[in-house]
Amino acid sequence: QTWLMAEVGPAAAGLVAAVNISVAGLAAAAGASMGSAVISAGWGLATIGPVAALPALAAALFAVGLRVRTRGSKATAPPTDRDMRAASAAPARCSG
């Protein structure tokens, strides 16, 4: 979360932190729902782990797919606030 907040800069850090925490809450609720569905279906407690691994596996595959897809792209990302701060901190050089 701190890395993400540093990437977006101080103007959006609060919003990013709120969204990040909200998504973590949604993930916890989804996990509890999946666990209760497994138990209600009568599959037993031993099945909760493998069923819970399915969304994590799907997310990992999705992330790898995005990474592979964007690695082949020639487009560059726009500079972040951190890039702009680093560029402005460098001393200016004048040729003359």
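Please read all numbers here as calculations on a predicted model, not as lab measurements.

Each helix and strand in the protein was counted, giving four helices and zero strands. Tracing the protein from N to C terminus, the helices and strands come up as α-α-α-α. Burial analysis of the protein (96 residues in total) assigns 8% to the buried set. Total accessible area on the protein is roughly 7,600 Å²; 70% of this is exposed by carbon and sulfur atoms.

With that settled, the discussion passes to the confidence of the model for the protein. Per-chain confidence: the protein averages 84 in pLDDT, with 74% of residues scoring 70 or above. No element of the protein has a lower mean pLDDT than helix H4 (residues 81-89), which averages 66, and none a higher one than helix H2 (residues 13-40), which averages 94.

So, about H2. Along its 28 residues, H2 runs 41 Å from first to last C-alpha, staying within 8% of the 40 Å computed at 1.5 Å per residue. The inward-facing, buried residues of H2 abut helix H1 (2-8) and helix H3 (48-71).

Quick look at the packing of H2 against H3 now. For any two helices packed against each other, one specifies the inter-axial angle together with the distance between the axes. Interhelical geometry of H2 versus H3 gives an angle of 140° and a closest axis separation of 10 Å. Regarding the angle of H2 to H3, the classification is oblique. As H2 runs across H3, the sense of the crossing is right-handed. In contact with Met 34, Gly 35, Val 38 and Ile 39 of H2, H3 contributes Ile 48, Val 51, Ala 52 and Pro 55.

Conventions we followed
For every chain, the first residue of the written sequence is number 1, and numbering continues from 1 along that sequence. Local features are withheld for residues below a pLDDT of 70 in this predicted model, meaning they are given only at 70 or higher, and side-chain atom pairs are given and counted only at 80 or more; totals for whole chains, interfaces and linings count all residues. Water and hydrogen atoms play no part in the side-chain values, which are based on all heavy atoms of the structure. Counting from the N terminus, the helices are the DSSP runs of H or I reaching at least four residues and the strands are the DSSP runs of E reaching at least two. Any residue under 20% of the maximum accessible area for its type is buried, any over 50% is exposed, and the rest in between are partly exposed; the area is computed with a 1.4 Å probe on protein chains only. Throughout, the Shrake-Rupley method with a 1.4 Å probe supplies accessible areas, and for residues the shown protein chains are the sole cover considered. Here pLDDT means the predictor's own confidence in every residue, given as a number from 0 to 100. A helix is expected to reach a length of 1.5 Å times the quantity of its residues less one. Whether two residues are in contact is decided by their heavy atoms, any of which lying within 4.5 Å being enough. An axis is simply a line fitted to the C-alpha atoms; with a helix, the fit covers only the stretch in contact. Between two such axes, the angle follows the N-to-C directions and lies from 0 to 180 degrees. Comment on the angle field: the value is read as roughly parallel under 35 degrees, roughly antiparallel over 145, roughly perpendicular from 65 to 115, and oblique elsewhere. We call a crossing left-handed when the near helix sits turned anticlockwise from the far one by less than a right angle, and right-handed when that turn is clockwise.

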